[in-house]
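Remarks on the overall topology
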Amino acid sequence: MAYTPSTYNPYDFANRRHIGPSPEEMDAMLAVIGAPSLDALIDETVPMGIRQMEPLNWAPMTEHEVLGHIRKVAKQNVVMTSLIGQGFYGTVTPPAIQRNILENPAWYTAYTPYQPEIAQGRLEALLNFQTMVSDMTGLPVANASLLDEATACAEAMTMAQRVSKSKMTRFFVDENCHPQNIAVMQTRAAPLGIEIVMGDPRDLDPAKVFGAIFQYPGTYGVVTDFTPQIAALHEAKAVAIMATDLMALTLLKDPGAMDADIAVGSAQRFGVPMGFGGPHAAFMSCKDEMKRAMPGRIVGVSVDAAGNRAYRLSLQTREQHIRREKATSNVCTAQALLAVMASFYAVFHGPAGLRAIGEMIHFNAVRLAEGLKSAGFKIAPAAFYDTFTVEVGAMQGVILRSAMAEGINLRKVGTDKIGISVDELTSPEIIAQVWRAFGSDAEVPGGFPGLGVPEKMLRKSSYLSHPIFGMNRAEGEMMRYMRRLADRDLALDRAMIPLGSCTMKLNAAVEMMPITWPEFNAIHPFAPEDQSEGYAFMIKDLADKLCDITGYDAMSMQPNSGAQGEYAGLLTIMAYHRANGQGGRNICLIPMSAHGTNPASAQMVGLKVVVVNTAANGDIDLEDFRAKAEAAGDKLAACMITYPSTHGVFEETVKEVCQITHDHGGQVYLDGANLNALVGLAKPGDIGSDVSHLNLHKTFCIPHGGGGPGMGPIGVKAHLERFLPGHPETGGETGPVSAAPYGSASILPISWAYCMLMGGAGLTQATKVAILNANYIAARLDAAFPVLYKGKQGRVAHECIVDPRGFEKPTGVTVDDIAKRLVDSGFHAPTMSFPVPGTLMIEPTESETKAELDRFCEAMLSIRSEIAQIENGELPQDNNPLKHAPHTVNDLVAEWDRPYSREQGCFPPGSFRVDKYWPPVGRVDNAYGDRNLICLCPPPEHYIEAAD
Ligand SMILES: Cc1ncc(COP(=O)(O)O)c(C=O)c1O
C-alpha cells in the first residue's frame, strides 16, 4: 500500500492552540444547534447586508516563527540607561515577582474581582497596595489603581470640583507638574468648562480657584513644602492635590503631613518596568470625608455568611455600571496586575528595604550633583530628591550626545539645560559615565554624601508598619505567599470564565513572552525616536492590521482602556465638529442597553446624553432613535452604539441607525467591545461607523490581569484622523488622553503576536467559533433558562443573555444565588445584571472546548434541577444549596443540619473531585462592608486567624 504522508499540521496555532473545539466537536455542536454547517450558522446569524466582501488575507505564522520575528523587531529598539525621569524611572523588578506574578497565568488571567468569593487572593494583594499608598502618602483612603499618573491628575481635578465648597470654576496647576500631566489635565478641563490657571505656586490666589495641584518633587526636581499654600487653599474652601512619587516619599515629608486632601502619582518605580510608557498603576489617596467621591475601585473588608473576614470591592454604587447618572468617572478597566506587582515590591522590600532604596537613590543623586558642581556646573534646585537640572548653555547638544555615546539618555530641558533623574538602577559606574559626558573623569566617592534636602523636609511619620510588610523576606516565604493568594482565586488557568462583554479568551504563553524582554520593557517613553524603531515598526504593523480588520483608516494607540478609548473617540468627534464650525453640537444618543462607561464618557466631553429605548426584541427602537435624532437636529453630535448589541444580537437595522445619525450631521461611535463577533466577517468602518475603540484586552488577547491592564486604541475614518489625540512629546493638533504617546505600549506585542499567529483566516475562524460556542450554550440552556434575545433566525451572536427572573417569585432564587452556586461547580459566574438587571450574560469565546462548555451547561442544568426541588417543595426557599452557595471547606467539615447532602452541596455537577476549587470564604455580605468601610489591611490578628 502506498505510504500517505500526514496532512496534520502540529504548528497550526489557530486550530491547534487558540480555538477550543476540534472539527469533530464542532460537528456535534452544530447537530445540537440544528445548523448544517458552521458557515450556514454564520449566514443565519450575521446579516448579509453588513458582511465584508474581501477576506482578511495575511498568512499565519507558527509560534516559533512569531517569536523569531518579534525578536528581530525588538532588536531595533536600543536599550539605554535612562536618566530622563519625568515620571518614568529605571527599577529593579524582583525576579520572584516577575516569575510568580507577571508571568503567572494564575495572576494575569484573572478577571476584575466583582465576584469576591473567588477573588480573595487578588483582593488581598490590592488591599496591600491601598495600604501601601495610604501609608506612603499619609492619607487614610486609597483606591486600587488608576490608568496612569496623568489621568490620575485629571481624575483628581474633577474629584476636587465635586467635593470643593468653592464656587470657582478655575483650577490651579503648578508649572512644575510633568508636561504630560499638564496636557492631560488641559484636555480634560476644556469640555467641562474648567479654566486652568498655570503658574508658580508662590503666586497662587486660593480665593480664585476650586482646587490646585502641586507636583512633589517637581518635574525639574524642586522639593517644596506646600503647607502654607494648602492652608491658604483650605481657608478659601478649595481642595489641595499633590502629584507625588512613592519613592521620594520614603524620605520626604508626606502629603498628609502638609494637610493635602488628595494625592496621586504612579507606582511604576515600585518594580514595574518603564515599558515605553506603560502599563503602570497610578494611585490615588484622599482624606476620609472625600472617599465617596473617589474614582476607581476600592477594595474593602467585609464578612462572609459565617462571619469570617472577607474582602470585596466596596462602594460599588459610585461606579457607572450600577448608577450611571451618579458615576464618579468612566474608569472601568484599571491597572490591577501592575498594582499587585507594586504592592509585592513593597512586601518584598518592607519599610527598611524601601527606605534603603530611597536613600540610595537620593545619595547617588547628591553624589552626581556634587561631582558636576565640582566640575564647575551650576545645579538647580538647591533642594532636590532625585532630579535636578544642570546649566550647560551652548554645550547642551554636545553633552547629550556624549552621554548617549556612554549609553545614557538625559533630559533636554529648553535650549541650555539638561535634566537628570537618578533611579534604582543608577550605579557608581553610571555616575562616572555621566560625569565623563560632562567632561569630568573624577572618581565616584563612597560614604555618606550629605542630604540634598533640608532636614525639615524629611518625613517624620513611619510607614508600612503593618505586619504584612514585615514578614520574613526569604524568597521561599515570598513565593509561598504569592502562591497562597493565587490559589484562593479562580482565573482562566482553572476554568472557563464565561463573562459576557468581557471576552475571556486564551492569553497564549507565546503572546505573553515578549513583554518581559528588555527591548520592550526597558525603554523610556520619551527616549529619542531612533532608539524605538522596533516599537514604531510594531505599532504601525499592528495598526495596519487593526485598520484592515475594522475598515478604519487610522488608529491611535494612546487610550489605556476601552472607556479611555470612548473618551478619546468622543473628543475626536467634537474636535471635528468644532473645525467644521459645528461646535454647538452637544447631544449624544445612547441606547438604554449601553455599557455604563458610554454615558460617563459622553458626560466627560460635555455632551448631553439622550437615552434611546429598546424595542421588545432587544434591538434599538428605531422609531425612537429617529425621533430623538430629529429632535436633536443640528445639536446632534454623535450616537454611541454597540455592535453586535450588548443584548448579544446582530441588529439588522444598524446601517439605518448610522444613516439617521449622519443625516442629522452627527458622527457614529461604535463601541468595539464586541469586536470578537465581527473580526473577519464585518467591519465597523464599512457598516457606517466613524470611530470605535477596540478592547485589545478582550478581542486581541491582552489578559485582564484581575482588572487591568488594558488597551483601548481607537480607529477612525479618514476625516477624523487629524483630530486623534496628540501628545506634548510627539505633537498633534489635539491634546493627549494618556501620559504616554502610545499608552501601554509594552503590552502591544501580545495583540500583535495574536494577529500574526492566527493569520487572516484564523482570526475569521475564531469569530465563527465564538458564535458557534455561544449558540451551543444557548441551545443547551434555552429550555431551562430562557434565552432573552435572539436574532431573526433564532440565533445569538457571540454571547447570550439567559433569564432566570421568573424563578424569583415562586422560589426566592435570584441571579446572585445562581452566580454563587456556579462557584461550587468550579466556575466564575457569567456577567450579572448587565445589560438587563437580574439576568446572566454568557460569553464562552472561541477558546473553550466542547468538554468545558458541556461542564458549564451541566452545572447550569443541575442548578435548574435544584430550583425544581424548591418549586416542588423538596427544599425550603431559605435553606437550600443555592442560598448557602458557595460552600467552603468549613461548611463541609462543620456540623451538617441542612436538608440536602454534603455531597450535593459541595460536589455539584461540573465540580472536580480531585481538583475541586474551594472558595476561601462563603457568600460575602456587601452591605455590611459598605456600612463599615475599612479599606486598609485589617489588624494583624486577622492574619494569624487566617493562617490557623
Ligand atoms: C460594551 C462595553 N463597552 C465599554 C467597556 C469599557 O471597557 P474598559 O473596561 O476597557 O474601560 C466595556 C467593559 O467591559 C464593555 O463591556
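On a predicted model such as this, the values are computed, not experimentally measured, just so you know.

Section: the environment of Ser 314
- With respect to the secondary-structure elements, Ser 314 resides in strand E10 (residues 309-314).
- The class for Ser 314 is buried, based on a relative accessible area of 0%.
- C-alpha of Ser 314 to C-alpha of Arg 297: the two residues are 17 residues apart in sequence and 7.5 Å apart in space.
- Apart from the residues within four sequence positions on either side, Ser 314 is in contact with Ile 298, Val 299, Gly 300, Asp 930, Leu 933 and Cys 935.

A closer look at the UniProt feature "domain: Glycine cleavage system P-protein N-terminal" (unreviewed entry) in the chain
- UniProt's entry tags residues 16-438 and 453-726 with the feature "domain: Glycine cleavage system P-protein N-terminal" (unreviewed entry), counted in the numbering of this structure.
- Secondary structure across residues 453-726 divides into 33% helix and 11% strand, with the first and last C-alpha atoms of the span separated by 37 Å.

What to know about the site of the ligand
- For the ligand, the set of nearby residues contains 14 residues, the closest of which are Thr 333, Ser 501, Gly 562, Asp 671 and His 697.
- Note that an oxygen atom of the ligand is positioned 2.7 Å from one of the backbone N or O atoms of Gly 562.
- Here Lys 698 contributes a side-chain N or O atom positioned 2.8 Å from an oxygen atom of the ligand.
- Considering the ligand on its own, with 390 Å² of exposed area, one finds that the protein chains cover 98% of that surface.
- With 3 residues, helix H18 (residues 562-579) is the single largest residue contributor to the shell around the ligand.
- Grouping the amino acids of the shell around the ligand by side-chain chemistry returns 3 nonpolar, 8 polar and 3 charged.

Comments concerning the domain arrangement of the chain
- For the chain, the assigned domains read domain 1 (86-491) and domain 2 (554-742).
- Measuring from the centre of the C-alpha atoms in domain 1 to the corresponding centre in domain 2 gives 32 Å.
- Each partner contributes residues to the interface: domain 1 has 36 residues there, and domain 2 has 37 residues.
- Linking domain 1 with domain 2 are 0 salt bridges, by the criterion used here.
- The tally of links between domain 1 and domain 2 comes to 13 residue pairs in polar contact (both at pLDDT 80 or more).
- Breaking the side of domain 1 that touches domain 2 down by element, the ones donating at least two residues are helix H6 (105-108), helix H8 (149-163), helix H9 (179-192) and helix H11 (336-374).
- Tallying contributions element by element places H9 first for the side of domain 1 that touches domain 2, with 8 residues.
- Split by residue class, the side of domain 1 that touches domain 2 holds 20 nonpolar, 11 polar and 5 charged.

Description of the sheet that holds strand E12 (residues 387-391)
- Reading across from one edge, E11-E12-E15-E14 is the order of the 4 strands in this open sheet, with antiparallel pairing throughout. If you trace the sheet from one side to the other, it starts and ends with strand E11 (378-380) and strand E14 (411-413), each paired once. Strand-to-strand twist in this sheet, taken as the mean axis angle between neighbours without regard to direction, amounts to 30°.
- As defined by bridge partners, E14 adjoins strand E15 (residues 417-421) across 3 bridges and the pair is classed as antiparallel. For Val 413, the partnering residue across the bridge sits in E15 and is Lys 417.

Things to note about the sheet that holds E10
- If you trace the 3 strands from one edge of the open sheet to the other, you get E10-E9-E26, paired in antiparallel fashion. The open sheet is flanked by E10 and strand E26 (924-925), the only strands paired with a single partner.
- Alignment of strand E9 (residues 298-304) against E10, held across 6 bridges, turns out to be antiparallel. From the neighbouring strand, Ile 298 faces E10, where its bridge partner is Ser 314.
- Relative to the sheet, helix H7 (residues 120-137) contacts E9 and E10, its axis offset from that of E10 by approximately 70°.

Considerations on the side chain of His 704
- Turning to its location among the elements, His 704 is positioned in the loop between strand E21 (691-693) and strand E22 (714-716).
- Discounting residues that sit within four places of it in the chain, His 704 has contacts with Tyr 108, Ala 110, Tyr 111, Cys 502, Thr 503, Met 504, His 697, Lys 698 and Pro 709.

Topic: the pairing of strand E5 (residues 211-216)
- Burial runs high along E5: 6 of the 6 residues are buried.
- Because side chains alternate across E5, one face comprises the buried residues Gly 211, Ile 213 and Gln 215, and the other comprises Ala 212, Phe 214 and Tyr 216, equally buried.
- Sheet topology places strand E3 (residues 170-174) next to E5; 3 bridges connect them, and they run parallel. In the sheet register, Val 173 faces E5, and the bridge partner there is Ile 213.
- Two elements, E5 and strand E6 (residues 239-245), share 6 bridges in a ladder whose sense is parallel. The partner of Ala 212 across the bridge, within E6, is Ala 240.
- Crossover E5 to E6 through helix H10 (residues 227-235) is right-handed.

Overview of unusual backbone geometry
- Residue Pro 709 is reached from Gly 708 by a cis peptide bond, and omega for that bond is 20°.
- Of note, Pro 709 is situated in the loop between E21 and E22.
- Looking along the chain, the bond that leaves Phe 834 and enters Pro 835 is cis, with omega of 0°.
- Tracing the backbone through its elements, the reader meets Pro 835 in the loop between strand E24 (831-832) and strand E25 (840-842).
- A positive phi angle, close to 115°, is found at Ser 145, a residue other than glycine.
- Tracing the backbone through its elements, the reader meets Ser 145 in the loop between strand E2 (141-142) and H8.
- With a phi close to 60°, Phe 276 is a non-glycine residue in the positive phi region.
- With respect to the helices and strands, the residue Phe 276 is situated in the loop between strand E7 (262-266) and strand E8 (282-286).

About the thresholds
- Residues numbered from 1 in each chain as written.
- Predicted model: local features only at pLDDT ≥ 70, side-chain atom pairs only at ≥ 80, totals over all residues.
- Heavy atoms only, no water.
- Helix = DSSP H or I, 4+ residues; strand = E, 2+ residues; numbered from the N terminus.
- Buried < 20%, exposed > 50% of the residue type's maximum accessible area, 1.4 Å probe, protein only.
- Contact = heavy atoms within 4.5 Å.
- UniProt positions renumbered as here; feature names shortened; annotations may be inferred.
- Near = heavy atom within 4 Å.
- Polar contact = N/O pair within 3.5 Å; in protein donor to acceptor, adjacent residues only side chain to side chain.
- Areas by Shrake-Rupley, 256 points an atom, 1.4 Å probe, with all protein chains shown as cover.
- Nonpolar A, V, L, I, M, F, W, Y, C, P; charged D, E, K, R; others polar.
- Domains from an automatic or database assignment.
- Salt bridge = Lys/Arg side-chain N within 4 Å of Asp/Glu carboxyl O.
- Pairing = 2+ DSSP bridges.
- Axes fitted to C-alpha atoms, helices over the stretch in contact; angles between N-to-C directions.
- Right-handed = clockwise from strand over helix to strand, strands pointing away.

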